[in-house]
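Fold and contact review
The lines below spell out each chain.
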Amino acid sequence: MSNYHIKTFEEYFHIYRKSVREPENFWEEVAEEHFVWRKRWDNVLRWDFSKPEIAWFEGAQLNITENCLDRHLRTRGDKTAILFEPNNPNEPAQHITYTELYERVCKMANVLKAKGIKKGDRVCIYLPMIPELSVALLACARIGAIHSVVFAGFSSTALSTRINDSSCKMVITSDGSYRGNKSIDLKGIVDEALEQCPTVESVLVVNRVGSSIHMEQGRDEWIQPLLDAAQPHCEPEVMEAEDPLFILYTSGSTGKPKGMVHTTAGYMVFIAYTFKNIFQYREPDIFWCTADIGWITGHSYIVYGPLLNGATSVLFEGVPSYPDFGRFWEIVEKHSITHFYTAPTAIRALAKEDLNYVEKYNLSSLKVLGSVGEPINEEAWHWYNDHVGKKKSPIVDTWWQTETGGILISPIPYVTPTKPTYATLPLPGIQPALMDENGQEIKGNQVDGRLCVKFPWPSMARTIWGDHERYRTTYFTAFEGKYFTGDGALRDEVGYYRITGRVDDVIIVSGHNLGTAPIEDAINEHPAVAESAIVGFPHDVKGNALYGFVMLKDVGEVRDRDNLRKEINQQISDRIGPIAKLDKIQFVEGLPKTRSGKIMRRILRKIAGNETENLGDTSTLLDPEVVQQIIKDRL
Ligand code: WTA
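Residues numbered from 1 in each chain as written. Predicted model: local features only at pLDDT ≥ 70, side-chain atom pairs only at ≥ 80, totals over all residues. Heavy atoms only, no water.

**Digging into the domain arrangement of the chain**
Interfaces are often sized by the amount of accessible area the parts lose when they come together. Here is the rule: Where each domain starts and ends comes from a domain assignment, either automatic or drawn from a database. Whether two residues are in contact is decided by their heavy atoms: any pair within 4.5 Å suffices. Note on definitions: buried area is the accessible-area loss of two parts on being combined, 1.4 Å probe, summed for both. The salt bridge criterion pairs a side-chain nitrogen of Lys or Arg with a carboxyl oxygen of Asp or Glu, the two atoms within 4 Å. For this analysis, a polar contact is any N or O atom pair within 3.5 Å, provided that within protein one partner can donate a hydrogen and the other can accept it, and provided that sequence-adjacent residues contribute only side-chain to side-chain pairs. Three classes are used, and their members are as follows: Ala, Val, Leu, Ile, Met, Phe, Trp, Tyr, Cys and Pro are nonpolar, Asp, Glu, Lys and Arg are charged, and the others, Gly among them, are polar.
Here the chain is described as being made up of domain 1 (9-319 + 394-489) and domain 2 (510-633). Put simply, the middle of domain 1 and the middle of domain 2, counted by C-alpha atoms, are 34 Å apart. Contacts between domain 1 and domain 2 engage twelve residues on the former and 14 residues on the latter. Buried surface at the junction of domain 1 and domain 2, summed over both partners, amounts to about 820 Å²; 53% is from carbon and sulfur atoms. Seen at the junction of domain 1 and domain 2, the total is zero salt bridges. On the surface where domain 1 and domain 2 come into contact, there are six residue pairs in polar contact (both at pLDDT 80 or more). In terms of residue class, the side of domain 1 that touches domain 2 is made up of three nonpolar, nine polar and no charged.

Below is the structure:
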């Protein structure tokens, strides 16, 4: 029996038990059978969660792009690797074969080398969803440079913070991007960001929208002429197993974003394995993940996972609502898509629209549906199952995080019986644990607690760039000897997991993780604001929306409150990005604080969610009057 491809539920249990009994042997078998290595490992796993130190396949040498590209050339050279669907439905789709992708990656790798980029250098990629984005990631990996992709919806301030945190030497961007009927001036955002970024020596610019932009002499260059002149072959840099492959930033509950560092061999093995099993991918299936490559979902399941398996991966530039709400389904029909992987927020948004948008397309090619990014509510699950999957395509509700690199808990389609809103069972090699408030593991079923993982898996992040101590305290100190996810979960009577949501100060809005602290910092920078507190409240499309309680310095001074609300949101948009804007802003005279001065967000969450009957224990409040006033003025 191959460990690599699970086909029945019995096989799943058998493999799972084996993977827990002998994790090293399990992952060694997977690694041996399915990849190209320049040198074999000396040691499968070395770990110590107290430091924390995690190393997989030490001693091995490889290049992940040889596994994504070179080894497919002989057998799949003419197969489509990337199927690019542009924003504008009238612009033709592009089928980029494995051979073409190989050559484009090698050319870009040669361009990067010629610009002085070497192994270990950080390259920031700030691009829309166009083929050059995938090519840029792979070109970095080809030469051993560490890519740091920043989602192209982030503001210039957010971009410069990320560039500076990892001292990037280069930025790859485009003149602009298309989203629906808008075009966005990406290069202008980069120019603004780079005023604060001393380490950036060069900027390569992809021509996407053909706008006239400022090109900084000696720093900026159009990339196309350089690519045209470059050689289509580039020897891959030989990487050590634990050499960093990429950095990807995620929001923390406090402080600046965390640059999660993923390394080469373990990430490759785990992502290839999970892609194969969780999607039951078989040639010639056409796989579409609608995420942006700026997030971990895109890294792992648009770029690396599909290419490691020789799959065809769809890259969509646009948005689900343009030119109308049928766009997703039109694309599914047009390209006979077999696998469709999206986020609950997109499903909820589309479920609000006329059913005819879905029903007018032929979706019979679909075999597997996926969900990721936040808990999927029952209603959205059923809409997805009934109207998209026509009750014949299993839904894989995949739970994971930027930090975990790949999917940890998910049904396996056609193998694991699904249950609405449940991510169901851990993948082989994954050992979840539910913990109580006293730090004890809760055994047995029909229980709930904080979700931890007890044993390392190959694709876990190894550190936070430049701040290992923060990595330790954030993930390994809440529960000794365990990785703490920040999520709560329950385990039902048969052992299925349901993720109930964050238990920390991270709020997931439309599938995007937002930390409360950076938003509050942005608000507090407004000259009229004294202090603020942000909480999430239920929203029927976004899952959660943001509610801000804002205390002003001098209430009498402010005449136009609506204008102030606009200014506050503009400030957030400038500092972080439009995704972090507040839906509601309530001006308050005081915030509920404990005697030790800590804001009691628990109470604010209840007020924002209109659950004011039962506020819980308020005995530690310094001034209970404040709460009554806030309830009275609730928006
Ligand atoms: C949440 C996205 C419930 C969770 C891959 C996690 C989910 C955070 C699910 C990570 C799911 C992700 N069900 N909640 N299927 N998938 N989450 O880093 O709170 O952007 O901790 O990674 O999203 O978000 P991130």
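Additional details are given in the paragraphs that follow.
**Description of the nonpolar core**
Here is the rule we go by: We call a set of buried Ala, Val, Leu, Ile, Met, Phe, Trp, Tyr and Cys residues a nonpolar core when their side-chain atoms join them within 4.5 Å. Only protein chains enter the accessibility calculation, which uses a 1.4 Å probe; a residue whose area is less than 20% of its type maximum is buried, one above 50% is exposed, and one in between is partly exposed. Secondary structure counts use DSSP, requiring at least four H or I residues in a row for a helix and at least two E residues in a row for a strand, with both numbered from the N terminus.
Counting residues in hydrophobic clusters, the biggest one holds 125 residues, and the most contacted among them are Trp37, Phe57, Leu101, Ile125, Phe279 and Tyr304. With ten residues, the top contributor of residues to this core is helix H10 (residues 264-278). Ignoring sequence-local partners within four residues, the contact set of Leu101 consists of Leu69, Ala81, Ile82, Ile96, Val135, Leu138 and Leu307. Core analysis: the second largest hydrophobic core is formed by 41 residues, Leu194, Val205, Ile507 and Ile585 among them.

**So, the sheet that holds strand E24 (residues 483-491)**
How we decide: Two strands pair under a simple rule: DSSP has to find at least two bridges between them. Lines fitted to C-alpha atoms define the axes, with helix axes restricted to the stretch in contact, and inter-axis angles between N-to-C directions lie between 0 and 180 degrees.
One open sheet accounts for four strands, arranged E21-E22-E24-E25; its pairing is antiparallel. Either end of the sheet is taken by a strand with one partner, and the two such strands are strand E21 (432-435) and strand E25 (497-502). Neighbour-to-neighbour, the strand axes of this sheet turn through a mean angle of 45°, independent of strand direction. Relative to E25, E24 runs antiparallel, the two sharing five bridges. Bridge pairing in E25 places Arg491 opposite Tyr497.

**What about the site of the ligand?**
Rule in force here: Any residue with a non-hydrogen atom lying within 4 Å of a molecule or strand is treated as near it. A 1.4 Å probe and the Shrake-Rupley method give the accessible areas. Residues count as covered only by the protein chains that appear here.
Taken together, 17 residues are adjacent to the ligand, and Asp397, Thr398, Thr402, Asp487 and Arg502 come closest. In this structure, a nitrogen atom belonging to the ligand sits 2.8 Å away from a main-chain N or O atom of Thr398. One of the side-chain nitrogen or oxygen atoms of Gln401 is found 2.9 Å away from an oxygen atom of the ligand. Bound to the protein, the ligand loses 96% of the 530 Å² it would expose on its own. Only helix H11 (296-308), strand E20 (395-398) and E25 provide two or more residues apiece to the shell around the ligand.

**Details of the pairing of strand E8 (residues 170-174)**
Counting buried residues along E8, five of its five residues qualify, which places the element largely inside the surrounding structure. What you see with E8 is no split at all: Met170, Ile172 and Ser174 on one side and Val171 and Thr173 on the other are buried throughout. Sheet topology note: the strand E6 (residues 122-126)/E8 ladder contains four bridges and is parallel. Each residue of the ladder has a partner; that of Val123, found in E8, is Met170. In this sheet, strand E11 (residues 202-206) lies alongside E8 in parallel orientation, the contact comprising five bridges. Bridged to Val171 within E11 is Val203.

**Re empty space enclosed by the protein**
Stated formally: Two kinds of site are reported from a 1 Å grid over the protein atoms alone, namely cavities, where a 1.4 Å probe fits but cannot get out, and pockets, open sets with protein on both sides within 12 Å along at least five of seven lines, and residues are called lining when an atom falls within 4 Å of a point. Grid points are joined across faces, edges and corners, and a volume is the space filled by probe spheres set on the points.
Scanning the model with the defined rule gives three cavities of 30 Å³ or more in all. As a volume, the largest cavity reaches approximately 40 Å³. In this structure, the largest cavity is lined by Val149, Val150, Phe151, Phe154, Arg162, Leu248, Tyr249, Gly294 and Trp295. Across the lining of the largest cavity, the residue classes tally to seven nonpolar, one polar and one charged.

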